[in-house]
Amino acid sequence: DAKTTQPTSMDCAEGRAANLPCNHSTISGNEYVYWYRQIHSQGPQYIIHGLKNNETNEMASLIITEDRKSSTLILPHATLRDTAVYYCIVRANNFNKFYFGSGTKLNVKP
Amino acid sequence: DVKVTQSSRYLVKRTGEKVFLECVQDMDHENMFWYRQDPGLGLRLIYFSYDVKMKEKGDIPEGYSVSREKKERFSLILESASTNQTSMYLCASSLSPGSYNEQFFGPGTRLTVL
């Protein structure tokens, strides 16, 4: 299963775009990239996922490089409520297991 | 909205006690999961189930067992609690197997074993 590498923490000013990078250089061709976030004292929350193409939903955009070895989650207008730990996950080939790493702690500051 | 509920938010038990953590989902999901979360280690999968009475070991099943007698309920059992099982326990559920089935998580149970 592909491992992911994320920065430990990042800061972002309120109202600005937050760009969270993730490296997954050993990803296999049929593995998806998922992003979840976890706000303090809550369970993880699904944000978005993708395979090859860029994806956008009401929460965020996901940009996956052409070689699929890295991706970036973009929160277009970060708010204080977006302060959380963001996990980049590559779905395991084995059934529905998700491997969560340590994630990136995003601090949105006023 | 999918709702995953866990029986307790906080639990304190003593070493050697048998502990039951209950999880219920209301969206008729096939799959259910138990994770534990520890600082610096992220989430680690303990057990999962893809159908009633079916279970599969995750990455760290030692010291735990599970029970799925009904589709909506998945129980995690600590047969004899130990201090190293002090952790945040998260339950999740998802639809039938597929490449893009997101997992829905409960609020977590913070278990302290004294």
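Our subject is the structure listed above.
Worth saying up front: this structure is predicted, and the values here are computed from it rather than measured.

Student: Let's hear about the overall build of chain A: which residues, and what values?
Tutor: Across its full length, chain A carries zero helices and nine strands. The globule rule puts the C-alpha radius of gyration for 110 residues at 13 Å, and the 13 Å found for chain A is close to it. With the principal axes as the frame, chain A shows a C-alpha extent of 40 × 30 × 25 Å. Buried residues in chain A amount to 46% of all 110 residues. Considering only residue pairs separated by 6 or more positions, chain A has 55% of its internal contacts joining residues 24 or more positions apart. As presented, chain A carries roughly 5500 Å² of accessible surface, and 48% of it is formed by carbon and sulfur atoms. When the 11 positive and 9 negative side-chain charges of chain A are each reduced to one mean point, those points stand 4 Å apart.

Student: Help me get a handle on the overall build of chain B, residues and values and all.
Tutor: Secondary structure summary: chain B contains zero helices and 11 strands in total. Listing each helix as α and each strand as β along chain B from the N terminus yields β-β-β-β-β-β-β-β-β-β-β. Taking 114 residues into account, the globule formula puts the C-alpha radius of gyration at 13 Å, and chain B, at 13 Å, falls close to it. Counting only C-alpha atoms and orienting by the principal axes, one finds that chain B spans roughly 40 × 30 × 25 Å. Across the 114 residues in chain B, those meeting the buried criterion constitute 47%. When contacts within chain B are restricted to residue pairs at least 6 apart in sequence, those whose partners lie at least 24 apart make up 56%. Positive and negative charge centroids in chain B, built from 15 and 15 side chains respectively, lie 7 Å apart.

Student: Outline unusual backbone geometry, supporting the account with residue identities and numerical values.
Tutor: Residue and element names in this part refer to chain B. Not every positive phi belongs to a glycine, and D28 is a case in point at roughly 60 degrees. When you line up the elements, D28 lands in the loop between strand 3 (19-25) and strand 4 (31-38). With relative accessibility at 52%, the residue D28 sits in the exposed group. Despite not being glycine, K53 has its phi angle at roughly 65 degrees, a positive value. In this fold, K53 is placed in the loop between strand 5 (42-49) and strand 6 (56-57). By relative accessible area, which is 56% here, K53 ends up exposed.

Student: Could you give me a rundown of the interface of chain A and chain B, with the residues and numbers involved?
Tutor: At the interface, 20 residues of chain A touch 27 residues of chain B. With both sides pooled, the region where chain A packs onto chain B buries about 1800 Å², and carbon together with sulfur makes up 54% of that total. The tally of links between chain A and chain B comes to zero salt bridges. At the boundary of chain A with chain B, the tally comes to four residue pairs in polar contact (both at pLDDT 80 or more). With three residues, the top contributor of residues to the side of chain A that touches chain B is strand 3 (residues 33-38) of chain A. Grouping the constituent residues of the side of chain A that touches chain B by class yields 10 nonpolar, eight polar and two charged.

Student: Describe the packing of aromatic side chains, listing the residues and the values that go with them.
Tutor: A full pass over the atoms with the stated rule returns seven aromatic pairs over all chains. When the ring of F33 of chain B is compared with that of Y35 of chain B, the centres are 6.3 Å apart and the planes differ by 25 degrees; the resulting orientation is stacked. For the pair shown, F33 of chain B and Y35 of chain B are each scored as buried. Consider the rings of F33 of chain B and F48 of chain B, whose centres lie 6.0 Å apart with planes at 25 degrees: the pair is stacked. Pair noted here: F33 of chain B is in strand 4 and F48 of chain B is in strand 5, with a separation of 15 residues, a long-range link. Classification of F33 of chain B as buried rests on a relative accessible area of 0%. Its relative accessible area of 4% is what places F48 of chain B among the buried residues. Three or more aromatic residues joined by ring pairs form one cluster here, namely Y36 and Y46 of chain A together with F33, Y35, F48 and F105 of chain B.

Student: Before we move on, can you summarise the environment of L76 of chain B with the specific residues and values?
Tutor: Residue and element names in this part refer to chain B. Take L76: it is sitting in strand 8 (residues 73-78). By relative accessible area, L76 is classed as buried at 0%. Spatially, the C-alpha atom of L76 lies 9.3 Å from that of Y89, the residues being 13 residues apart in sequence. What L76 contacts, discounting residues up to four positions off in sequence, is V19, F20, L21, W34, I46, Y64, S65, V66 and Y89.

Definitions and cut-offs
Residues numbered from 1 in each chain as written. Chains lettered and ligands numbered in written order. Predicted model: local features only at pLDDT ≥ 70, side-chain atom pairs only at ≥ 80, totals over all residues. Heavy atoms only, no water. Helix = DSSP H or I, 4+ residues; strand = E, 2+ residues; numbered from the N terminus. Rg over C-alpha atoms; globule rule 2.2 N^0.38 Å. Buried < 20%, exposed > 50% of the residue type's maximum accessible area, 1.4 Å probe, protein only. Contact = heavy atoms within 4.5 Å. Areas by Shrake-Rupley, 256 points an atom, 1.4 Å probe, with all protein chains shown as cover. Lys, Arg positive; Asp, Glu negative; His and termini not counted. Charge placed at Lys NZ, Arg CZ, Asp CG, Glu CD. Buried area = accessible area lost by both parts, 1.4 Å probe. Salt bridge = Lys/Arg side-chain N within 4 Å of Asp/Glu carboxyl O. Polar contact = N/O pair within 3.5 Å; in protein donor to acceptor, adjacent residues only side chain to side chain. Nonpolar A, V, L, I, M, F, W, Y, C, P; charged D, E, K, R; others polar. Phe/Tyr/Trp six-rings, centres within 6.5 Å; stacked < 30°, edge-to-face > 60°.

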